[in-house]
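# Inside the fold
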Amino acid sequence: MPTQITAHAVSKSFDGRLVLDEVTCALTAGERTGIIGENGSGKTTLLRLLARRDTPDAGEITVQTDGGVGYLAQDERLPSRMTVQQVIDRALSELRAIEHRMRTLEASMTDGDETSLLEYGESTSLFELRGGYDADARVERALHGLGLHLVDRDRTVGGLSGGEQVRLRLAAVLAAGTEVLLLDEPTNHLDDDAVAWLEEHLRTRRGTLVMVSHDRTFLERVATTLLEVDSDRKRIVRYGNGYKGFLIERAAARQRWAQSHEQWRADVDRLREFADTTARRVAPGRAMKDNNKMAYDRAGGRVQQSLAGRVRNAEERLRRLLADPVPAPPEPLRFAPALRSGPVRGTVLTATDITVTDRLERTGLAIAAGERLLVTGPNGSGKTTLLRVLAGILTPDSGTVTRCGTVGYLAQDPHPGHPGETVLTAFARGRTGDLDGRIEQLLSLGLFDRTQLTTQVQRLSTGQRQRLALARLVSDPVDLLLLDEPTNHLSPGLVEDLDTALAHYRGALLVVSHDRRLRARWQGERLTLRASAAV
C-alpha cells in the first residue's frame, strides 16, 4: 500500500518545553493507527500536526489524499447558538458543494459543453470516494449509533450536555465521509453501546484512520498498528499487529534488556578475572637449561611483554564496559506490604450514611481486609467525591467514616507540585531517612531515570506527575488502597504493569474506573452509584 501520511524529522515545543524531537513516521493508506502514551507526552500535538492545525518548529508533514481529512479535536467547542442540523450541514458542506458542482456541470453538458466532461468525471469520482450518495443515511446511522437519534434537529448546541456535544461533533466528522480520519480520544463520553457501534464502524469503513486513545480495549479491537509517543525521550516507537503486538514486543524488549544486562555482567566478570590472574602469572614458566641465563631472560621478557599487553587490553575493555554500563531492568511494579507481623484482620474502613450536598447521595459501605471493591456509575454520581471522603480529604455533610488501617490514596488528577520541588524531594517528602537513600529506591521502580531526579515537578507533564504519585504510593506500606481512575494519564504499558501489581496486592482495594479492560478482569465486589444533581 502507498504511504499516505508522513512526518519527517518533526520537532515541536511549547513555552520552551520540547514535546517532539525530530520524530519520523509513515502511515500507509488504509492503515488504522492508534497513538498511545501518557498524558502530556505529545499525542495530541502529533495529531494536530498531522491535521495541519499546528505547524512544526522543524521538519515536514505530508498528507496525500483526494478524499479529504476529517479531524475530531478533544476540546473543540461548538457555537452555542448553532442547531444540531446546522452542525450536520456544516460537516457535509464540502460534499454538498461537490454535488452542486456536479449538477451545474450536468446542465452545461446538456447544452453541448464538452469541455465540462473531464471536470464532471473528476467531481463524480470524488463524490463517490467521499460516499456522497450515502451521506444522509450515514448521518442517521452515526446519530443513532452514538445515542443522539432522539435529539431534535432544531435544538441548539447550548441546550445539549457536554457529553452530547462531544458525540454530536463525532457524528458530524463520521458523516462527512472523508478518506482520512484523525480522532482525538473518540471514546470519551460514550457509553458501552456507543463504543461498540463506533468500534464496528471504524473497523469496516474504507480509508485511513489515526486515533489518539487511552482505551486499551478500543485499541485492541480497532488498531492495526500503534505509535507510542515516549514523553521522556521525545520520540516515537512503532509497533505492528495492533495492541497485542505492542504487548508482545514490549515483553520481548524487556527480555532483550535482561539478556544484555546479564551479558554485560558476564563480560565484566570475565575481564576482571583475566586481568587479575594473568597479572600474577610467572613470566617464562619453565626451568632454565644449559645455564643460559641471557637466553632465558630474553624469552621471559618477551612473555612478560605479551602478558602485560594482554592485561592492558583487558583493562581497557573493562574500563569501557564500566563507563557504559547496562543497568538491570526494573523489577515488576509491586505495592509494598504493610509493616506488620501479619495482615490486618477484620474491617479496614466503614462509611455510614455519608452525603455531600449536590455531589453524593446517601452512601454506606464497609471494606474488610483483603476485600476488593469496584465503584462504578455515570458521570455525576459522586465517585470521586466518595473517594475523597473515604481518604479523609473531604468532610461529608452527614454520616461517619471509620478507618482501622493505613490508607493510600491516588487522586484522579496529580498534584502540580510545590514551588521548587524536584522529583527526588517530592518522592522523599514526609519520609524519614537520608535523601540520598531514597535515590536507589525511586530508581528501582523504573518510573524515572537518574537524569530526571533533579527536574522540578512543575515542569513535568501530567503523566510524569502521575508516575511520581504512583511511585510514592507503591513505596508506602498500606492496608487499604483508594484509587481514583488509576489508568488515567499513564501510558498503556505502565497501566498493564499496574494491573499486574494490583492483582498481586493482598490488602483491601477500592477502585473507581471507567477502564473497560480493568472492569472486565475485575475479581471482587462492585458498587454502582446513582447520578446525583451535580458534581
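Bear in mind the structure is a predicted one, so any value in this text is a computation, not a measurement.

## Examining the overall build of the protein chain
When helices and strands are counted, the protein chain shows 16 helices and 17 strands. Expected size for 535 residues packed as a compact globule is a radius of gyration near 24 Å; at 31 Å, the protein chain overshoots this value by more than 25%. Along the first, second and third principal axes, the C-alpha atoms of the protein chain reach 120 × 75 × 40 Å. Per-residue burial over the protein chain gives 47% buried out of 535 residues. Nonlocal contacts in the protein chain, meaning residues at least 24 apart in sequence, comprise 71% of its contacts between residues at least 6 apart. Accessible surface, the protein chain: about 27400 Å² in total, of which carbon and sulfur atoms supply 48%.

## Side note on the sheet that holds strand β12 (residues 372-376)
The parallel open sheet is built from five strands, whose spatial order is β14-β15-β16-β12-β17. Each of the sheet's edge strands pairs with one partner strand only, and the pair in question is β14 (407-410) and β17 (525-528). Between one strand axis and the next, the sheet turns through 15° on average, direction left out of account. Looking at chain direction, strand β15 (residues 480-484) and strand β16 (residues 508-512) are connected through five bridges and run parallel. Of the residues in β16, the one forming a bridge with L481 is L509. On the sheet, helix α11 (residues 383-390) packs against β12, β14, β15 and β16 and is oriented at approximately 150° with respect to β15.

## Regarding the pattern of salt bridges
One pass over the full model with this rule turns up 37 salt bridges. The shortest N-O distance in the salt bridge between R270 and D267 comes to 3.6 Å. Of this pair, R270 and D267 both sit in helix α9 (residues 242-279), separated by three residues, roughly a single helical turn. Salt bridges here are not isolated pairs; linked through shared partners, they connect R216, E220, E496, D499, D515, R517 and R521.

## Details of the side chain of E164
Counting through the fold element by element, E164 comes out in helix α6 (residues 162-175). Notably, E164 is buried but unbridged: the nearest opposite-charge side chain belongs to R155, and the N-O separation is 4.3 Å. Once residues lying within four places of it in the same chain are set aside, the contact partners of E164 are L148, V151 and R155.

## Observations concerning unusual backbone geometry
The phi dihedral of D358 falls on the positive side, at around 65°, and the residue is not glycine. With phi around 75°, H489 is a residue other than glycine that occupies positive phi space. Within the element layout of this structure, H489 appears in the loop between β15 and α15 (492-504). Of the residues examined, H489 reaches a relative accessible area of 10% and is grouped as buried.

## Regarding helix α3 (residues 93-110)
Over its 18 residues, α3 runs 26 Å from end to end, which matches the ideal 26 Å to within 8%, given 1.5 Å per residue. Residues of α3 that are buried include every one of L95, I98, M102 and L105, and no others. On an axial view of α3, the arc spanned by its buried residues comes to 85°, and they lie on one face. Residues of α3 that are exposed and angled more than 90 degrees away from the buried face: H100 and T110.

## Observations regarding helix α13 (residues 436-443)
Taken together, the buried positions of α13 are occupied by R438, I439, L442 and L443. Summarising the axial view, the buried residues of α13 lie within an arc of 130°, below the 170-degree limit, and thus occupy one face. Each element contacted by the buried residues of α13 is listed here: α12 (423-428) and α14 (462-475).

Analysis parameters
- Residues take numbers from 1 onward in each chain, read along the sequence in its written order.
- Side-chain atom pairs in this predicted model are given and counted only at pLDDT of 80 or more, local residue features only at pLDDT of at least 70, and totals for whole chains, interfaces and linings cover all residues.
- Excluding hydrogens and water, the side-chain figures rest on all heavy atoms present in the structure.
- To qualify as a helix, a DSSP run of H or I must reach at least 4 residues; to qualify as a strand, a run of E must reach at least 2; elements of each kind are numbered from the N terminus.
- For the radius of gyration, the atom set is restricted to C-alpha positions; the globular benchmark scales as 2.2 Å times the number of residues to the power 0.38.
- For each residue, the accessible area found with a 1.4 Å probe, counting protein chains only, is set against the maximum for its type, and the residue is called buried under 20%, exposed over 50%, and partly exposed in between.
- Here, two residues are considered to be in contact whenever any of their heavy atoms come within 4.5 Å of each other.
- Using a 1.4 Å probe, accessible areas were evaluated by the Shrake-Rupley method; residue-level cover was limited to the displayed protein chains.
- Note on pairing: DSSP must find at least two bridges between two strands before they are called paired.
- Axis angles are defined between N-to-C directions and span 0 to 180 degrees, where every axis is a line fitted to C-alpha atoms and, for a helix, only to the segment in contact.
- Whenever a carboxyl oxygen of Asp or Glu lies within 4 Å of a side-chain nitrogen of Lys or Arg, that contact is scored as a salt bridge.
- His is not counted, nor are the chain ends, whereas Lys and Arg count as positive and Asp and Glu as negative.
- To estimate the expected span of a helix, count its residues, drop one, and scale the result by 1.5 Å.
- This arc describes the spread of directions from the helix axis toward the C-beta atoms.

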